[in-house]
Amino acid sequence: MKLSHFNFNLPKELLAEYPAENRDESRLMVVNRKTKTIEHKMFKDVIDYFEEGDVMVLNNTKVFPARLYGNKEKTGARIEVFLLRELNAEQRLWDVLVDPARKIRIGNKLYFGDDDSLVAEVIDNTTSRGRTLRFLYDGSYEEFRNKLTELGETPIPKYINREVTPEDAERYQTIYAKEEGAVAAPTAGLHFSKHLLKRLEIKGIDFAEVTLHVGLGTFNPVEVEDLSKHKMDSEELKITQEACDIVNEAKAKKKKICAVGTTSMRAIESSVSSAKTLNPYDGWTNKFIFPPHDFSIADCMITNFHTPKSTLLMMISAFTGHDLMKKAYEEAIKEGYKFYSYGDAMLIL
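Looking at an unreviewed UniProt entry, one finds the protein named S-adenosylmethionine:tRNA ribosyltransferase-isomerase and attributed to Flavobacterium endophyticum. Listed under Subcellular location (unreviewed entry) in UniProt, the entry text for the protein is "Cytoplasm". Quoted straight from UniProt, the Sequence similarities (unreviewed entry) entry for the protein says "Belongs to the QueA family."

This is the structure we're talking about:
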C-alpha cells in the first residue's frame with residue numbers, strides 16, 4: 001500500500017474543538033469485520049459488545065503540562081517551548097521543540113514565569129525545531145518538577161484553534177491515567193467515564209494496564225510514498241508481568257482482547273512471543289503498523305477517527321481491512337462524526 005491510499009478530504013468542521021459534554025456520550029460507530037456491517041451507537045453502549053472474562057487493554061500514561069512560554073534574553077521575544085522528554089534528571093536536560101525556531105541558537109537563555117524564576121540555556125540543536133535545554137533552577141528536583149507543572153499548560157493538539165481552558169487539564173487526560181510521561185493523550189481512552197468503567201467491572205470485564213508514553217511523533221504525517229521507508233519516533237513502553245497474565249489467560253480461554261486505542265495496540269504488538277502471547281517489556285518501541293500486518297494479541301479495538309496520511313489511520317486499515325475502513329470513514333463523514341483527539345469513537349469487532 002502507498003501513502004496516496006490514505007488521503008481523503010476531511011471537512012474542517014469535523015475536527016472536534018471541544019470534547020463531548022459527558023465523556024461516554026460521544027458517538028460510537030461499530031464496525032464488524034466479519035459481517036462488514038456498520039452500526040451507529042453512543043459510546044456508553046460499548047458495554048453491550050463485551051462479556052464476562054473479556055479484557056480491555058488500557059494505556060495508563062499520564063499527560064504532563066508540556067507547553068511552556070518563555071522570553072528570550074535581551075530581546076524579550078516570546079518563545080514557545082514544548083517539552084518532549086527528560087534526558088537527564090540530575091543535570092535537568094530536556095529534549096524540546098521551540099517556536100519560532102530560527103531565533104533560538106546554542107548559548108541563548110530563555111526566562112520563564114513572571115518573576116523569571118526558571119531559566120533555560122540552549123546547549124544543542126537536534127533537528128530544525130528541536131533543541132536540548134539545560135534548566136537552571138534553585139531548588140530540589142521535586143521543586144523543579146513542580147515549577148514545570150505550575151508554568152506549563154496542557155498540550156492540546158495544535159489543530160484546536162483556541163486558548164487552553166482549565167477544563168482541558170481534566171478532559172485531555174484519561175480517568176485512569178497514572179504514569180506521567182506523555183505529551184499527548186491516548187485519546188480512545190478519553191471516552192471512558194468513571195461510571196462506565198464501573199459498569200464494565202460489574203459485568204466482569206477485566207482490565208490490563210500497559211504504559212506507552214505517547215510522543216509527538218505519533219501525529220507526524222507520513223511523507224514518503226513507500227510506507228516501509230517511514231521512520232517512527234521511539235516511545236517509552238512498559239508492560240508488566242501482571243498485565244501479561246491477565247491478557248494471556250483470557251486469550252487461552254478464547255475471550256475477547258480489546259485494545260483501547262492505537263497506543264495500546266502498538267504497545268502489545270511490540271512485545272509478542274513466538275507462541276503469540278504477550279511478553280513483559282521495559283524499554284522503547286518504534287513499531288510502525290501498516291498493511292499488511294498480522295495482529296497477534298487483540299481481536300478488537302476502540303479508536304478515534306484519524307486524520308489523512310497519519311500512521312494511526314494506517315494501523316486501522318491494517319486491522320479493519322482497507323476497503324471496510326474506507327467505507328466506515330466515508331459514512332463517518334456523511335453522518336457528521338467528529339474526528340481527532342476530542343472526536344467520536346469507533347469499535348472494530
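Caption draft 1: Summary view of the environment of H195. Residue placement: H195 occurs in helix α3 (residues 194-203). Taking the relative accessible area as the measure of exposure, H195 reaches 55% and is therefore exposed. The spatial distance from the C-alpha of H195 to the C-alpha of D24 is 8.9 Å, given a sequence separation of 171 residues.

Caption draft 2: Molecular detail of the sheet that holds strand β8 (residues 109-112). Pairing in this closed barrel of 6 strands is antiparallel, and the strands run β5-β6-β7-β10-β9-β8 around the ring. Neighbour-to-neighbour, the strand axes of this sheet turn through a mean angle of 45 degrees, independent of strand direction. Sitting on the sheet, helix α1 (residues 141-151) is in contact with β5 (67-72), β6 (78-88), β7 (93-99), β8, β9 (118-125) and β10 (130-136), with an inclination near 90 degrees to β9.

Caption draft 3: Region of the structure containing the packing of helix α5 (residues 262-269) against helix α6 (residues 311-320). Relative orientation of the contacting elements α5 and α6 amounts to 70 degrees, with a least axis distance of 11 Å. Taken together, α5 and α6 sit at an angle that is classed as roughly perpendicular. Between α5 and α6 the crossing geometry is left-handed. Contacts between α5 and α6 involve T262, M265 and R266 on the former and, on the latter, L312, M315, I316 and F319. Residues belonging to the contact of α5 with α6 are distributed by class as follows: 5 nonpolar, 1 polar and 1 charged.

Caption draft 4: Expanded view of the packing of α6 against helix α7 (residues 322-334). Closest axis-to-axis distance for the α6/α7 pair is 6 Å, and the angle between their directions is 120 degrees. It follows from the interaxial angle that α6 and α7 lie oblique. Judged by the sense of rotation from one axis to the other, the crossing of α6 with α7 is right-handed. Every residue of α7 that contacts α6 at L313, I316, S317 and T320 is listed here: H322, L324, M325 and Y329. Across the contact of α6 with α7, the residue classes break down as 5 nonpolar, 3 polar and no charged.

Caption draft 5: Summary view of the domain arrangement of the protein. For the protein, the assigned domains read domain 1 (3-63 + 169-348) and domain 2 (67-153). The C-alpha-based centres of domain 1 and domain 2 are spaced at 32 Å. Between R145 and E180 there is a salt bridge, with the nearest N and O atoms lying 3.4 Å from each other. Summed over the shared surface of domain 1 and domain 2, the result is 2 residue pairs in polar contact (both at pLDDT 80 or more). Considered class by class, the residues forming the side of domain 1 that touches domain 2 number 3 nonpolar, 1 polar and 1 charged.

Caption draft 6: Summary view of the packing of aromatic side chains. Under the defined criterion, the tally for this structure stands at 16 aromatic pairs. With a centroid separation of 6.2 Å and 45 degrees between ring planes, the pair formed by F8 and F339 is classed as tilted. One end of the pair, F8, is in the segment before β1 (27-32); the other, F339, is in the loop between α7 and β17 (345-348), with 331 residues separating them in the sequence. Comparing F8 with F339, the two get one shared label, buried. Its end group placed over the ring of Y18, R162 keeps NZ or CZ at 4.1 Å from the ring centre. When the ring centre of F50 is taken as origin, the NZ or CZ atom of K256, which lies over that ring, is 5.4 Å away.

Caption draft 7: Examining the pattern of salt bridges more closely. Tallied over the entire structure, the rule returns 15 salt bridges. Residue R85 is joined to D95 by a salt bridge in which the shortest nitrogen-to-oxygen separation is 3.9 Å. Residue R85 is located in strand β6, and its partner D95 is located in strand β7; the two are separated by 10 residues in the primary sequence. The partly exposed category is assigned to R85, whose relative accessible area is 35%. Between E235 and R266 there is a salt bridge, and its shortest N-O distance comes to 2.0 Å. Of the two residues, E235 is situated in strand β13 (residues 235-239) and R266 in helix α5; the sequence distance between them amounts to 31 residues. The burial state of E235 is the same as that of R266; both residues are buried.

The rules we used
- Residues numbered from 1 in each chain as written.
- Predicted model: local features only at pLDDT ≥ 70, side-chain atom pairs only at ≥ 80, totals over all residues.
- Heavy atoms only, no water.
- UniProt positions renumbered as here; feature names shortened; annotations may be inferred.
- Helix = DSSP H or I, 4+ residues; strand = E, 2+ residues; numbered from the N terminus.
- Buried < 20%, exposed > 50% of the residue type's maximum accessible area, 1.4 Å probe, protein only.
- Pairing = 2+ DSSP bridges.
- Axes fitted to C-alpha atoms, helices over the stretch in contact; angles between N-to-C directions.
- Contact = heavy atoms within 4.5 Å.
- Parallel < 35°, antiparallel > 145°, perpendicular 65-115°, else oblique.
- Left-handed = near helix turned anticlockwise from the far one by under 90°.
- Nonpolar A, V, L, I, M, F, W, Y, C, P; charged D, E, K, R; others polar.
- Domains from an automatic or database assignment.
- Salt bridge = Lys/Arg side-chain N within 4 Å of Asp/Glu carboxyl O.
- Polar contact = N/O pair within 3.5 Å; in protein donor to acceptor, adjacent residues only side chain to side chain.
- Phe/Tyr/Trp six-rings, centres within 6.5 Å; stacked < 30°, edge-to-face > 60°.
- Lys NZ or Arg CZ within 6 Å of the ring centre and 35° of its normal.

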